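An overview of the molecular structure
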Amino acid sequence: MSSAAGASSKDHADSEHEEQIVWTEDMGGFDYVRQTEARLSTTRRKPVAWNGVGRRVGYSVLKTDAPSVDTGRFVRRVFWVKDYYRSEQPDGTYKASAPSEAVDPRTVAPGVLGELTELAWGGPLPD
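Quick caveat, the model's predicted, so the values are computed rather than measured.

Secondary structure assignment for the chain yields two helices and seven strands. The secondary structure elements of the chain, listed N-terminal to C-terminal, are β-α-β-β-β-β-β-β-α. In the chain, which comprises 127 residues, the proportion classed as buried is 40%. The contacts in the chain between residues at least 6 apart in sequence include a share of 69% that link residues at least 24 apart. Here the chain displays about 6,800 Å² of accessible surface, and carbon together with sulfur accounts for 50% of that area.

Let's shift gears to the pairing of strand 4 (residues 55-62). On a regular strand, each side chain points to the face opposite its neighbour's, so the side chains alternate between the two faces of the sheet. In terms of burial, strand 4 is largely enclosed, as six of its eight residues are buried. When strand 4 meets strand 5 (residues 74-81), the two strands line up antiparallel, connected through four bridges. Bridge pairing links Gly58 to Phe79 in strand 5.

With that out of the way, let us pick up the packing of aromatic side chains. All chains considered together, the criterion is met by seven aromatic pairs. Aromatic pair Tyr32 and Tyr94: ring centres 6.3 Å apart, planes at 75°, arrangement edge-to-face. Here Tyr94 lies in the loop between strand 5 and strand 6 (102-103) and Tyr32 lies in the loop between strand 2 (18-23) and strand 3 (33-41), a separation of 62 residues in the sequence. The same class applies to Tyr32 and to Tyr94, which are both buried.

What counts, and where the lines are drawn
Residues numbered from 1 in each chain as written. Predicted model: local features only at pLDDT ≥ 70, side-chain atom pairs only at ≥ 80, totals over all residues. Heavy atoms only, no water. Helix = DSSP H or I, 4+ residues; strand = E, 2+ residues; numbered from the N terminus. Buried < 20%, exposed > 50% of the residue type's maximum accessible area, 1.4 Å probe, protein only. Contact = heavy atoms within 4.5 Å. Areas by Shrake-Rupley, 256 points an atom, 1.4 Å probe, with all protein chains shown as cover. Pairing = 2+ DSSP bridges. Phe/Tyr/Trp six-rings, centres within 6.5 Å; stacked < 30°, edge-to-face > 60°.

What follows is the structure in structure tokens.
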């Protein structure tokens, strides 16, 4: 059993212009990551600047003809972790759960929103 984490039809429309997901760290080291939209990216293809909390571990790359949402601004996904996530502290806060926006990075692909899996959750998913 799995469910899309925080996905809306608007999010899916934005992700349809993705060409690639770039992982800046080995995604095999993460049971889960958070995915967030970067709505102010000024580029389709270069690394997405990340000034949010946590550490960026991946980002989406858009097709060269992807439309901007505002003059020179593009919507791109950013994948990130915080220093108290299971990957960083296996016996910490999320030993047997995950943040609400968590997705299994193995379910992420261009144009495909990540999903919360049992691996990402750390056990059977709650009902």
